[in-house]
Protein chains: 2
Amino acid sequence: MAIHQFSFPTRIHFGPGAVGLLPTVLAEASCSRPLVVTDRGLASRPEAISTKERLAAGGLDAAVFAGVFGNPVKSQVIAGVEAFRQHRADSIVGLGGGAALDVAKAIALLVHHPGDLFDYEDGKPDARPIDREIPFWVSVPTTAGTGSEVGRSTVIADDATHVKKILFSPRLLAQRVLIDPELTLSLPAPVTAATGMDALTHLVEAYLARDFHPLCDGIALEGLRMVARSLPAAVAYARRIDAGERAIFDDPDHVDARGAMLVAAMMGGVAFQKGLGVTHSLAHALSTVCDLHHGLANGIVIPYAMRFNLDAVPERLGALAAAAGVPGGAPGFITWLESLRAEIGIPNTLAEVGVRPDHVDALVRVAVADGCHASNPRNVTEADFRALFHAALGAP
Amino acid sequence: MAIHQFSFPTRIHFGPGAVGLLPTVLAEASCSRPLVVTDRGLASRPEAISTKERLAAGGLDAAVFAGVFGNPVKSQVIAGVEAFRQHRADSIVGLGGGAALDVAKAIALLVHHPGDLFDYEDGKPDARPIDREIPFWVSVPTTAGTGSEVGRSTVIADDATHVKKILFSPRLLAQRVLIDPELTLSLPAPVTAATGMDALTHLVEAYLARDFHPLCDGIALEGLRMVARSLPAAVAYARRIDAGERAIFDDPDHVDARGAMLVAAMMGGVAFQKGLGVTHSLAHALSTVCDLHHGLANGIVIPYAMRFNLDAVPERLGALAAAAGVPGGAPGFITWLESLRAEIGIPNTLAEVGVRPDHVDALVRVAVADGCHASNPRNVTEADFRALFHAALGAP
């Protein structure tokens, strides 16, 4: 039995209207000039505009940096640091999905750390230490998926090569997290489904990951319970609103389902400090090679990946079935994943989203090199990855 | 739906030999002169002696303050602060059960905070703020019960009046926690059983407490799973060792059971930041009025308390049954508590430990005034407390 280490994150405020705490939270930290870092697409939406108004009403002088789009690249971070300096900002509010929160973290890092962003790459032999001051920063997620709001790493790609670099330090953790279901009420059904499957995959893979971490195990099972109850409801509401039923927008059951998904996604982000698994290595390859949305990729491949894990961890898959409230133990859990996927509109096969057999060689190369499958409960060989990609492509 | 707040503690190292990390942990924090705060009874035992030797071997100049005994009182804290100053200490190692860890926390508080310890009492209208430096301190539990090693409060009594005062601040949390099952291998069976029931009660009451806190809920259920698997085994090993079977001392299954109980107790300490319930109010009264051991009191009364809660939260009690791996839903959970209590040698009634009907008036007064039942899932009136104490006394 080895010596294990457990760490847990930060102060989190959850509930409808939690984003209204922003002025108080910043004032308590003696901050008056926040830089709001957000997605290009989000900047013109009510969430971002009302956030800026809230800050102004709280007597704060906020500037907005809305230069985040697509998969984050280094030039976005550099532009954000420039915006921070121009505004003479003293704090950062990350408002958005995983990309905006990752860029916010990287800006926070680079404000007081000299040199190039990638000098701080995690695991690089001559990496500079992340040991200087990080400006006070608050994360405000607007999707229920990545769990990035409670994460201690950020993934930023090189502009030219598109190679992703991981920057990691407990110091990158947001000092406060505001989780507000009202910010996710307008997410369209396909985004709700894909980000929800990302949260689900974090919870499932964290629970199955090899390390001993019962705190994360308990959080993962409870988070899965919440996903099982709330993801179908959240998608159903999103579909009705997408179809024009605006009257149900603020329905308390809609707010509850969105809130539960946000909390479950946050719990996924907490739980996966334990580790992830083969599903994520498959999904990372699909994003890199075929530019597939990460949550969508997870959602398509997770039943194939769990069938691969079935004989290795039948008891643990059975506990996941129990948490999801479905009968039939481990096989029942996989059947449930398939029916959930169908119910919320995630395709059954990779072929349906344009992945082709001639992609498989490149996919396997990236998946094998990916770090996530190291903690998968069953070893994954190159041949296993090939078989998994072919299975997930679907019948020819 | 209100706005909820979640916070989580600190870095924890767990495993056999984890206490061996002490020199490294202190050196990493640039500390070289720790004060080891421990129980009077523990100071002469191998755990404490080897800890001091370990620190010396690591090049650290450690002093030992072994002035903790019984329920901690303020004069112990003042003597500990004096020991800290005399040694010119730069850090604290709390080594022991809940009492030693609570005194260690209070010493850490008083080293840089002026005035009287009780000036900082939680909730006192004119309380001084806990806002100054706290010396680096490491907690090392030697029982699997209170969860004090991950707690942010300390309970210290007035020497004269024996009135207990609570001091609370997130700043009181140990910077590091070393959880080492080797330190609990020699705990006698009755202590193993009583402290184990304390851990179990934290987990159960935290899960049932009224607040919305799914992180704590998940941790509580997973911790209960570990208690259900490991407490009977830990007590069975302790009995055989108490009876002279020294050969099984280091048996890997013994170490595993002790480790699981320590982790479950820590998880109880994390989970009960959510709240506790009626069992704890009964137990606090029994400690104050009849000087009963806190874990023993919890262990005796918890089935009566859960029967009281049965109609209020049948689903939640059913989830606890499922986590404990027992059939029969909520009633099955209460039956399991009764059989567990019998199996590990906890009495069925308060009469068996010397509580008398003429204690009840005083018991009810203290229980009603206790804060824990505020978060119980069913309101508890004075008449309810009276009925509960009479039921737990047993047939006349």
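Residues numbered from 1 in each chain as written. Chains lettered and ligands numbered in written order. Predicted model: local features only at pLDDT ≥ 70, side-chain atom pairs only at ≥ 80, totals over all residues. Heavy atoms only, no water.

### As for helix 5 (residues 189–208) of chain A
Move 1: Here helix 5 of chain A is 20 residues long and its end C-alpha atoms lie 28 Å apart, about the 28 Å a rise of 1.5 Å per residue gives.
Move 2: Counting buried positions along helix 5 of chain A gives 18 out of 20 residues, so the element sits mostly inside the fold. (Helix = DSSP H or I, 4+ residues; strand = E, 2+ residues; numbered from the N terminus. Expected span 1.5 Å × (residues − 1). Buried < 20%, exposed > 50% of the residue type's maximum accessible area, 1.4 Å probe, protein only.)

### Considering the side chain of aspartate 102 of chain B
Move 1: Following the sequence through the fold, aspartate 102 of chain B ends up in helix 4 (residues 98–112).
Move 2: Of the residues examined, aspartate 102 of chain B reaches a relative accessible area of 11% and is grouped as buried.

### Observations concerning the packing of aromatic side chains
Move 1: Per the stated rule, a full pass over the model turns up 4 aromatic pairs over all chains.
Move 2: Against the face of tyrosine 207 of chain A rests arginine 316 of chain A, its NZ or CZ located 4.1 Å from the ring centre.
Move 3: Lying over the aromatic face of phenylalanine 308 of chain B, arginine 378 of chain B brings its terminal NZ or CZ to 3.9 Å of the ring centre. (Phe/Tyr/Trp six-rings, centres within 6.5 Å; stacked < 30°, edge-to-face > 60°. Lys NZ or Arg CZ within 6 Å of the ring centre and 35° of its normal.)

### Brief notes about the domain arrangement of chain A
Residues and elements named next belong to chain A.
Move 1: Structurally, chain A comprises domain 1 (4–183) and domain 2 (186–393).
Move 2: The tally of links from domain 1 across to domain 2 stands at 1 residue pair in polar contact (both at pLDDT 80 or more).
Move 3: Elements supplying a minimum of two residues to the side of domain 1 that touches domain 2: strand 1 (4–6) and strand 2 (11–14).
Move 4: Among the residues forming the side of domain 1 that touches domain 2, the class breakdown is 11 nonpolar, 9 polar and 6 charged. (Domains from an automatic or database assignment. Polar contact = N/O pair within 3.5 Å; in protein donor to acceptor, adjacent residues only side chain to side chain. Nonpolar A, V, L, I, M, F, W, Y, C, P; charged D, E, K, R; others polar.)

### A few points about unusual backbone geometry
Move 1: Despite not being glycine, serine 30 of chain A shows a phi value in the positive range, around 60°.
Move 2: Phi angles above zero are rare outside glycine, and arginine 88 of chain B is one such case at about 50°.
Move 3: Within the secondary structure, arginine 88 of chain B is located in the loop between helix 3 (74–86) and strand 5 (91–96).

### What about the pairing of strand 9 (residues 176–179) of chain B?
Residue and element names in this part refer to chain B.
Move 1: Of the two faces of strand 9, the one lined by Arg176 and Leu178 and the one lined by Val177 and Ile179 are each fully buried.
Move 2: Relative to strand 9, strand 2 (residues 11–14) runs parallel, the two sharing 4 bridges. Its bridge partner lying in strand 9, histidine 13 is registered against leucine 178.
Move 3: Of the pairings in the sheet, the one linking strand 6 (residues 136–141) to strand 9 comprises 2 bridges and is parallel in character. Counterpart to serine 139 in the pairing with strand 9 is valine 177. (Pairing = 2+ DSSP bridges.)

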